[in-house]
Amino acid sequence: MAVEQNVWGFTTEGEAVVLYTLTNAAGAVVKLTNIGAGIVSVVVPDRDGRMADVALGYESPLSYLGDGAAMGKTPGRYANRIAGGRFTLDGVEYVLPQNNGPNTLHGGPQGFADKLWESRVEEERVIFSLVSPDGDQGFPGELAAEVVYRWSDACRLEITYLAACDAPTVVNLTNHAYFNLAGHDSGSVLGHLLQLRASRYLPTDRTQIPTGAVHVYDTPMDFLEPKELGRDIDAPFDALETGHGYDHCWLVDGYEDGEELLHVGTLTDPATGRMLDIRSTQPGVQVYTGNFLQGGPVARGGGRYSNRYGVAIECQGFPDAPNRKDFPSQVLRPGETYCEKIEYRFGTDR
């Protein structure tokens, strides 16, 4: 495994934007950046050995700062939504900035995805680290976080999330890469097949805050068997109308305590034969079909992405869990270590 480190550019404050290039024995490549500890590029072969970049990304490194899509990055301190921009922990109410209607999304308007993380290479791993001070975006306690990437010769991208705090807080970290297995510039992703190991999902209110868990059976939310993303996406169904397509959290079947790396789902492009198998230790998976990608920054190569040109499959804790005692807890206390993993396994159908 070869790891190359280069300066990709500079912020307006003169800080270096770093680009890491990881190349495996097969010539497959992953590129990472210290902006949001994010994925910039994933180049993998199709069934005939032809390489293509299957992760959406921008032409300019500065486009990764402040983008609404959180392209490829690490949202935090709390990924997804917290209702009303507030939660109560140990009897104390904490008020957060509202940046998604009445709610807080991805940790607020200055969340982890728009920070320059410290970074280093250790034994073919790229490690990003960030210290979030007490009161950052309204969250209690100082939080020290790390995101560790490892790219293998088998085209497996392993991501480990670690965090520790000095006071009780909440934390929920994930990756927000958008994938199009036909190639990032190939158009709509709606012909891809998705299968999820999830028999329940979280319907939401009109502001996309979960109202509880229900079964997917006989609904457009059923991906227990492989199904085209586009087959039911425009069906007259409340969840799809609220999200303008898929933008919901499914409950991973078999989840218990987060220690086991469970199979979450598989994304397949029938045209190229590329497959993405996803595994995680986390209880939920948010599937977002890029319903608002249009109008974003210039894409890599100079083009533009339209809506539904990529799909994000975000393994994470449940949205609004800090306000829901019936959801798996995302509370972290001093002396504990937050440790979650995501594994993207790229392959083909032969």
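This is a predicted model, so every value here is computed, not measured.

Procedures and definitions
- Residues numbered from 1 in each chain as written.
- Predicted model: local features only at pLDDT ≥ 70, side-chain atom pairs only at ≥ 80, totals over all residues.
- Heavy atoms only, no water.
- Helix = DSSP H or I, 4+ residues; strand = E, 2+ residues; numbered from the N terminus.
- Rg over C-alpha atoms; globule rule 2.2 N^0.38 Å.
- Buried < 20%, exposed > 50% of the residue type's maximum accessible area, 1.4 Å probe, protein only.
- Contact = heavy atoms within 4.5 Å.
- Lys, Arg positive; Asp, Glu negative; His and termini not counted.
- Charge placed at Lys NZ, Arg CZ, Asp CG, Glu CD.
- Pairing = 2+ DSSP bridges.
- Core = buried A, V, L, I, M, F, W, Y, C linked by side-chain atoms within 4.5 Å.
- Polar contact = N/O pair within 3.5 Å; in protein donor to acceptor, adjacent residues only side chain to side chain.
- Phe/Tyr/Trp six-rings, centres within 6.5 Å; stacked < 30°, edge-to-face > 60°.
- Lys NZ or Arg CZ within 6 Å of the ring centre and 35° of its normal.
- Salt bridge = Lys/Arg side-chain N within 4 Å of Asp/Glu carboxyl O.

Asker: Which residues make up the overall build of the protein chain, and what values go with them?
Answerer: The number of helices and strands found in the protein chain is 1 helix and 26 strands. Taken over C-alpha atoms, the radius of gyration comes to 19 Å for the protein chain, in line with the 20 Å a tight globule of 350 residues would show. On the principal axes, the C-alpha backbone points of the protein chain span a range of 60 × 50 × 40 Å. Residue burial in the protein chain is summarised as follows: out of 350 residues, 56% are buried. Long-range contacts, defined as pairs at least 24 residues apart, comprise 65% of the intrachain contacts of the protein chain with a sequence gap of at least 6. The average position of the 28 basic charges and that of the 47 acidic charges among the side chains of the protein chain differ by 3 Å.

Asker: Mind laying out the sheet that holds strand S15 (residues 178-179), listing which residues take part and the relevant values?
Answerer: Spatially, 6 strands are ordered S15-S24-S23-S20-S17-S18 in an open sheet, and the strand pairing comes out antiparallel. Each end of this open sheet is capped by a strand with a single partner; those strands are S15 and strand S18 (214-215). With 2 bridges connecting them, strand S17 (residues 200-201) and strand S20 (residues 247-251) associate as antiparallel partners. Residue Tyr201 lies in a different strand from S20, and its bridge partner there is Trp250.

Asker: Give me the nonpolar core: which residues, what numbers.
Answerer: Ranked by internal contacts, the top residues of the largest apolar core, which has 64 residues, are Trp250, Tyr344 and Phe346. Excluding residues within four positions of it along the chain, Phe346 makes contact with Val42, Val44, Val54, Trp151, Ala154, Cys155, Phe179, Met275 and Leu276. Grouped together as the second largest cluster of nonpolar side chains are 15 residues, Leu56, Tyr58, Tyr64 and Tyr178 included.

Asker: Which residues make up the side chain of Asp67, and what are the values?
Answerer: Within the secondary structure, Asp67 sits in the loop between strand S5 (51-53) and strand S6 (81-82). In terms of polar contacts, Asp67 uses its side chain to reach the backbone amide nitrogen of Met71, at 2.9 Å. Excluding its chain neighbours within four sequence positions, the residues that come into contact with Asp67 are Tyr58, Lys73 and Asp114.

Asker: Could you give an account of the pairing of strand S11 (residues 125-132), with specific residues and numbers?
Answerer: Taking burial as the measure, the 8 residues of S11 include 6 buried ones, the bulk of the element. Counted along the chain from strand S10 (residues 118-122) to the antiparallel partner S11, the turn is 2 residues long, and its residue Glu123 has a positive phi close to 50°. Across 8 bridges, S11 lies against strand S12 (residues 143-151) in antiparallel orientation. Bridging from a neighbouring strand, Phe128 pairs with Val147 of S12.

Asker: Which residues make up the packing of aromatic side chains, and what values do they have?
Answerer: Going through the model one piece at a time under the given rule, you end up with 16 aromatic pairs. Here the aromatic rings of Trp151 and Phe346 are separated by 6.2 Å at their centres, their planes lie at 70°, and the arrangement is edge-to-face. Placement of Trp151 in strand S12 and of Phe346 in strand S26 (residues 338-348) is noted, with a sequence separation of 195 residues between them. Looking at Phe346, the relative accessible area reads 8%, which means it is buried. Each residue in the set Trp151, Phe179, Tyr344 and Phe346 is aromatic and connected to the rest through ring pairs, giving one cluster. Lying across the ring of Phe223, Lys227 places its NZ or CZ 4.2 Å from the centre. Against the face of Phe327 rests Arg324, its NZ or CZ located 4.5 Å from the ring centre.

Asker: Pulling in residues and values, what's your account of the sheet that holds S11?
Answerer: Hydrogen bonds between backbone atoms are what pair the strands of a sheet, whose relative direction is either parallel or antiparallel. An order of S10-S11-S12-S13-S26-S22-S21-S16-S19 is seen for the 9 strands of this open sheet, with the pairing classed as antiparallel. Of all strands in the sheet, those bounded by a partner on one side alone are S10 and strand S19 (227-228).

Asker: Explain the pattern of salt bridges residue by residue, including any values.
Answerer: If the charged atoms of two oppositely charged side chains come close together, the side chains can form a pair. Under the criterion given, the structure shown has 21 salt bridges. With a shortest N-O distance of 2.8 Å, Asp48 and Arg350 are connected by a salt bridge. Of this pair, Asp48 sits in the loop between strand S4 (38-45) and S5 while Arg350 sits in the segment after S26, placing them 302 residues apart in sequence. For Glu158, the salt bridge goes to Arg150, with nearest N and O atoms at 3.9 Å. The exposure class assigned to Arg150 is partly exposed, which follows from its relative accessible area of 35%. Among the charged side chains, a network of salt bridges with common partners joins Asp46, Asp48, Arg50 and Arg350.

Asker: Please set out the pairing of strand S16 (residues 193-196) residue by residue, giving values where relevant.
Answerer: On S16, burial follows the alternation: Leu194 and Leu196 on one face are buried, whereas Leu193 and Gln195 on the facing-out side are not. In terms of strand pairing, S16 meets S19 through 2 bridges, oriented antiparallel. Across the sheet, the residue bridging to Leu194 is Lys227, located in S19. Here 4 bridges tie S16 to strand S21 (residues 262-268), and the two strands are oriented antiparallel to one another. Looking across to S21, one finds that Leu193 is bridged to Thr268.

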